Amino acid sequence: MASISHDKKTGRRTIQFTGFDKIRKTIRLGKVTQKQAESARGYVEDLLGCQATGSTPQPRTAEWITELPVIVRKRLERVGLLAPCESLLVPTLKKWLDYYVNSRKDVKGSTSTVYGHTKRNLLTFFGQSKRLDEITQGDADDFRIFLKTKENLADNTVRRRLGIAKQFFRAAVRKKIINENPFEGQSTLVRENTTRFYFVSREEAQAVLDACPNLEWRLIFALCRYGGLRCPSEILRLKWEDVNWEKSRFTVHSSKTEHHADAGIRVVPIFPELYPHFRDAFEEAEPGSVYCCPQFSNANQMYRKYMLQIIQQAGLKPWPKLFQNCRSSRETELAENYPVQVVCDWIGNSPKVAARHYLQVTEDHFEKALHFPVQSTAVSARTASHGKKWEIDKSPKNKNLRLDANQRKSLQNKKMGLTGLEPVTSRV
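Computed from a prediction, not measured in an experiment: that's the story for all the values here.

Asks: For this particular structure, what's the right way to read the packing of aromatic side chains?
Replies: Aromatic rings in a pair are described by how distant their centres are and how their planes are angled relative to each other. In total, this model carries 26 aromatic pairs according to the counting rule given. Between Tyr-100 and Tyr-115, the ring centres sit 6.2 Å apart and the planes meet at 50°, which makes this aromatic pair tilted. Here the residue Tyr-100 occupies a position in helix α4 (residues 93-103), and Tyr-115 occupies one in helix α5 (residues 109-126), the gap between them amounting to 15 residues. When its relative accessible area of 8% is taken as the criterion, Tyr-100 is described as buried. We classify Tyr-115 as buried; its relative accessible area is 3%. Grouping aromatic residues by their ring pairs yields a cluster made of Phe-125, Phe-126, Phe-143, Phe-146, Phe-169 and Phe-183. A cation over an aromatic ring shows up here: Arg-330 above the ring of Phe-271, its NZ or CZ 4.5 Å from the ring centre.

Written as structure tokens, this is what we have:
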């Protein structure tokens, strides 16, 4: 549609095209490289296509227009590609979302899936032809209600979707495509939801282990319940070379936290509850096996599908947040015996996240509260300083001391007379 001309004497390049009025038109670019000229030609062809179809330009074209020098913009106006005084061509919601989601090559597949869910919800509610600058803060409020009522999403899921929507529009603001983010005032912080907590008891865990069809699945469940690993992301990446039998520990590679300073790598003890399952699975593994657990192309669905079947075969009702509550149960147990920084290092989260989303209050805590009284701080301090427990003397002399103390207390409550405590003396 458009071609590039190069004047070798002056080094200047131009873009030439034939408009809808059948007139050959020229845009002078000046002294630019061939690559820059080809990039500009792509934008010009996009604008020509928009004139032919009556659509809006691609987001990258709109961004290019906003950054044009005034003199170059005037040249585009003279050839009819831009309307005079038009400062910005805002893309439709669909074009912007397609552009943003496709440009995020740096995110993981699971994040792209989350982007896709929010994109689908936005297009369903607003429509594909809605322009970005036509969406208001009131529309964002209505979108929140739509997610809650029509899509029937849980509160935390609504917050996550709104957070992603805010991210989409924030990128458009940063590229100066729109002036403000309509989702800026929305509450997007995911809150703790203790109603979905479930402590997987050791009896239940043993029943599930007994129902597992083979040693591999016994190891998978043991890693979830007694190793506190994320399933399936961390379990899938676990290799036999990560297991240090000599030191009884293994290395976990977390894809979720690999962007952190520790690169998502942590070392976890082979707890006594884990050791027999590690040993049995290793002894049965084929020579040269790399991974400890089965590999699936769609691991998220397959691991959950098979684990649900195993739990039902064990005669148990599947609990909410199947794998996370296994991890939560283990962190709650460990927190009873080890310092919080040690537990969080083994589990792979922060004390703040652990307190809000993992640590549970169990029935055992209530039982202990009823049968094991808590020592006072003063008694504990004396015990620590003297190295022995202080016992209360119930002998009669102690009763006299308490009586004296009561008498002193009654004296303290009496008001002092005008003469004071000292005997009256004559004035010298």
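Past the structure itself, the notes keep going.
Asks: Can you help me understand the packing of helix α9 (residues 215-225) against helix α13 (residues 322-335) in this one?
Replies: Pairs of packed helices are described in terms of their axes, by the angle between the two and the distance that separates them. Direction vectors running N to C along α9 and α13 enclose 55°, while the axes themselves pass 7 Å from each other. When the interaxial angle is binned, α9 and α13 end up oblique. Along its contact with α9, which presents Phe-221, Cys-224 and Arg-225, the element α13 presents Phe-323, Cys-326, Arg-327, Ser-329, Arg-330 and Glu-333. Of the residues assigned to the contact of α9 with α13, the class counts are 4 nonpolar, 1 polar and 4 charged.

Asks: When you look at the sheet that holds strand β6 (residues 265-269) in this model, what are you seeing that I'm missing?
Replies: Hydrogen bonds between backbone groups are what pair the strands of a sheet, and the pairing can be parallel or antiparallel. Read from one edge of the open sheet, 3 strands run β4-β5-β6, paired in antiparallel fashion. Where the open sheet ends on each side, the last strands, each with one partner, are β4 (243-244) and β6. In this structure, β4 lies alongside strand β5 (residues 249-253), joined through 2 bridges in antiparallel fashion. Paired with Asn-244 across the two strands is Arg-249, which belongs to β5.

Asks: I'm lost on the sheet that holds strand β1 (residues 2-7) in this one. Help?
Replies: Ordered in space as β1-β2-β3, the 3 strands form an open sheet in which the pairing is antiparallel. With one partner strand each, in any of the chains shown, β1 and β3 (24-30) form the two edges of the open sheet. Neighbour-to-neighbour, the strand axes of this sheet turn through a mean angle of 25°, independent of strand direction. Bridge analysis of β1 against strand β2 (residues 12-18) gives 6 bridges, and the strand direction is antiparallel. What sits directly across from His-6, in β2, is Arg-13. Each of β1, β2 and β3 touches helix α1 (residues 34-53); the most contacted strand, β2, lies at about 20° to it.

Rules used throughout
All residue numbers here refer to positions counted from 1 along the written sequence of the relevant chain. Totals for whole chains, interfaces and linings use all residues, but because this is a predicted model, local features are given only for residues with pLDDT of at least 70 and pairs of side-chain atoms are given and counted only at 80 or more. To get the side-chain values, take all heavy atoms of the structure and skip hydrogens and water. In summary, the pairing rule links any two rings of Phe, Tyr or Trp, Trp by its six-membered ring, whose centres are within 6.5 Å, and it sorts them by plane angle into stacked for under 30 degrees, edge-to-face for over 60 and tilted for everything else. Numbering of helices and strands runs from the N terminus, with a helix taken as a DSSP run of H or I at least four residues long and a strand as a DSSP run of E at least two residues long. Think of it in three bands: with a 1.4 Å probe and only protein chains considered, a residue is buried below 20% of the maximum accessible area for its type, exposed above 50%, and partly exposed in between. In this scheme, Lys NZ or Arg CZ marks a charge over a ring once it lies within 6 Å of the ring centre and within 35 degrees of the ring normal. Lines fitted to C-alpha atoms define the axes here, with helix axes fitted over just the stretch in contact, and angles between the N-to-C directions of these axes take values from 0 to 180 degrees. Should an angle lie under 35 degrees it is considered roughly parallel, over 145 roughly antiparallel, and from 65 to 115 roughly perpendicular; all remaining angles are considered oblique. We call two residues contacting when some pair of their heavy atoms lies within 4.5 Å. Under the convention adopted here, Pro, Cys and the residues Ala, Val, Leu, Ile, Met, Phe, Trp and Tyr are nonpolar, Asp, Glu, Lys and Arg are charged, and Gly plus all remaining residues are polar. The pairing criterion for strands is at least two bridges between them, as found by DSSP.

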